[in-house]
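Per-entry structural report
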Amino acid sequence: MKSLKPSVSVILSTYNAVDWLEKTLWGYQFQTTFDFEIVIADDGSGPQTKKLLEDFSKDFPVPIIHVWQEDEGFQKSRILNKAIVACNSDYILMSDGDCIPKNNFVEEHIKHRRKGYFLSGGYFKLPLDISNSINYADIQNQNCFDVNWLKERGLKSSFKNKKLTAGKFTSRALNFLTPTNASWNGHNASGWKEDIVRVNGFDERMQYGGQDRELGERLMNSGIKSIQIRYTAICVHLDHARGYKTQETLDKNAAIRKNTRDNKVTYAIHGIDKNHDVTI
């Protein structure tokens, strides 16, 4: 049954990646809870994405909201702010349209959320050949989270494989012991909408490279703490090229982040509060 106000709004960012978005949405068909909605933050995709979402919406177990803007280059921060406004839940989980969630992904975010905190998850990166080979049945049967299945298809041994093999108690220990910062990661992080809105969402001056971390830094500057769930809430990342990655934008974003850290900035002047027109 579709709730008018679900426990979680799941924001998925996308741009002209229909095959990866389809696989990602299959992952959300097999969640252990359906007390959520999906908000697609679409940074200017063509009609194929719209058609895919229309087809999925006909019998999808949760509502899908399509928030779209004209293609004006890489403007992910802007479309994410529009998606935040469109969320109906008090709690927001952010991921990407190229990250397939494990079947307990949403449930784990609900289980660990706490007032005054945001949750920091990670992802398990798959090589391109395995990313291409994953099909509907592999997601339904959770094969793509099975290390042995992945190794049969060429996955190399690595400590990172612990993300997929760690049980309940081991994952808790690894979350505690990992040297990785509990930062806001755009592919797997969640927090309270009121906290995100209070810091005015994403800084729209920022393009590819760290705009998610900068949001987390402002949240922490405002008094919000973070909880590490890197080994608890799992998604696998499908490989792809990043033609939008440039040194110029990386340097620009690094300077903005440095200012945020050095001056304890809590509010993005170039953020949500510009009365965006949202296309749904």
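Residues numbered from 1 in each chain as written. Predicted model: local features only at pLDDT ≥ 70, side-chain atom pairs only at ≥ 80, totals over all residues. Heavy atoms only, no water.

Turning our eyes to something else, we now look at the overall build of the protein chain. Secondary structure summary: the protein chain contains 12 helices and 10 strands in total. Against the compact-globule benchmark of 19 Å for 280 residues, the protein chain has a radius of gyration of 18 Å, which places it among compact chains. Projected onto its principal axes, the C-alpha positions of the protein chain cover 50 × 45 × 40 Å. By residue count, 54% of the 280 residues in the protein chain fall in the buried class. (Helix = DSSP H or I, 4+ residues; strand = E, 2+ residues; numbered from the N terminus. Rg over C-alpha atoms; globule rule 2.2 N^0.38 Å. Buried < 20%, exposed > 50% of the residue type's maximum accessible area, 1.4 Å probe, protein only.)

To continue, consider the pairing of strand β1 (residues 8-14). Burial within β1 is extensive, with seven of its seven residues counted as buried. On β1, burial covers both faces: Val8, Val10, Leu12 and Thr14 on one face and Ser9, Ile11 and Ser13 on the other are all buried. Crossover handedness for the path β1 to helix α1 (residues 18-29) to strand β2 (residues 36-42): right-handed. Here β1 pairs with strand β4 (residues 91-96) via five bridges, running parallel. Within β4, the position partnered with Val10 by the bridge is Leu93. (Right-handed = clockwise from strand over helix to strand, strands pointing away. Pairing = 2+ DSSP bridges.)

Okay, the sheet that holds strand β7 (residues 124-125) next. Reading across the sheet, the three strands line up as β5-β10-β7 and stay open at both edges, with mixed pairing between neighbours. At either end of the open sheet lies a strand with only one pairing partner, and these are β5 (99-101) and β7. Where β5 and strand β10 (residues 235-237) come together, three bridges link them in antiparallel fashion. Bridge pairing in β10 links Ile100 to Val236.

The subject of this paragraph is the sheet that holds β2. If you walk across this open sheet you meet the seven strands as β3-β2-β1-β4-β8-β6-β9, and the pairing is mixed. Among the strands making up the open sheet, the edge pair consists of β3 (64-68) and β9 (225-228). Taken pair by pair, the neighbouring strands of this sheet meet at an average axis angle of 20°, ignoring direction. Here strand β6 (residues 117-120) pairs with β9 via four bridges, running parallel. Opposite Leu119, over in β9, you have Ile227 as the bridge partner. Helix α3 (residues 76-86) rests against β1, β2, β3 and β4 of the sheet, and its axis sits at about 150° to β2. (Axes fitted to C-alpha atoms, helices over the stretch in contact; angles between N-to-C directions. Contact = heavy atoms within 4.5 Å.)

Per-residue pLDDT for the protein chain has a mean of 90; in total, 92% of the residues score no lower than 70. Below a pLDDT of 50 lies the segment residues 276-280, which in the model reaches 14 contacts outside its immediate sequence neighbourhood of four places, other chains included. (pLDDT = per-residue confidence, 0-100.)

Inspection of the secondary structure assignment puts Pro61 in the loop between α2 (47-57) and β3. In sequence terms Pro61 and Val8 are 53 residues apart; their C-alpha atoms lie 14 Å from each other.

Counting residues in each nonpolar core, the largest one holds 45 residues, and the members touching the most others are Val10, Tyr28, Ile38 and Ile134. The dominant element in this core, judged by the number of residues it contributes, is α1, at five residues. With 23 residues, the next largest nonpolar core counts Ile84, Ile92, Phe202 and Leu219 among its residues. (Core = buried A, V, L, I, M, F, W, Y, C linked by side-chain atoms within 4.5 Å.)

Here we take up the pairing of β3. In terms of burial, β3 is largely enclosed, as four of its five residues are buried. Direction of pairing for β2 relative to β3: parallel, over a ladder of five bridges. Following the sheet pairing, Ile38 is matched in β3 by Ile64. The parallel pair β2 and β3, bridged by α2, forms a crossover whose chirality is right-handed.

Attention now moves to the pattern of salt bridges. Taken as a whole, this structure holds 14 salt bridges when the rule is applied. Salt-bridge contacts for Asp195 lead to Arg198; the nearest nitrogen and oxygen are separated by 2.9 Å. Of this pair, Asp195 and Arg198 both sit in helix α10 (residues 193-198), three residues apart, which is roughly one turn of that helix. (Salt bridge = Lys/Arg side-chain N within 4 Å of Asp/Glu carboxyl O.)

Okay, the packing of α1 against α2 next. Their axes nearest at 10 Å, the elements α1 and α2 cross at an angle of 20°. Comparing their axes, α2 and α1 come out roughly parallel. As α1 runs across α2, the sense of the crossing is right-handed. Touching Val18, Leu21, Glu22, Leu25, Trp26 and Gln29 of α1 are Gln48, Thr49, Leu52, Leu53 and Phe56, all from α2. Among the residues making up the contact of α1 with α2, the classes are represented as seven nonpolar, three polar and one charged. (Parallel < 35°, antiparallel > 145°, perpendicular 65-115°, else oblique. Left-handed = near helix turned anticlockwise from the far one by under 90°. Nonpolar A, V, L, I, M, F, W, Y, C, P; charged D, E, K, R; others polar.)

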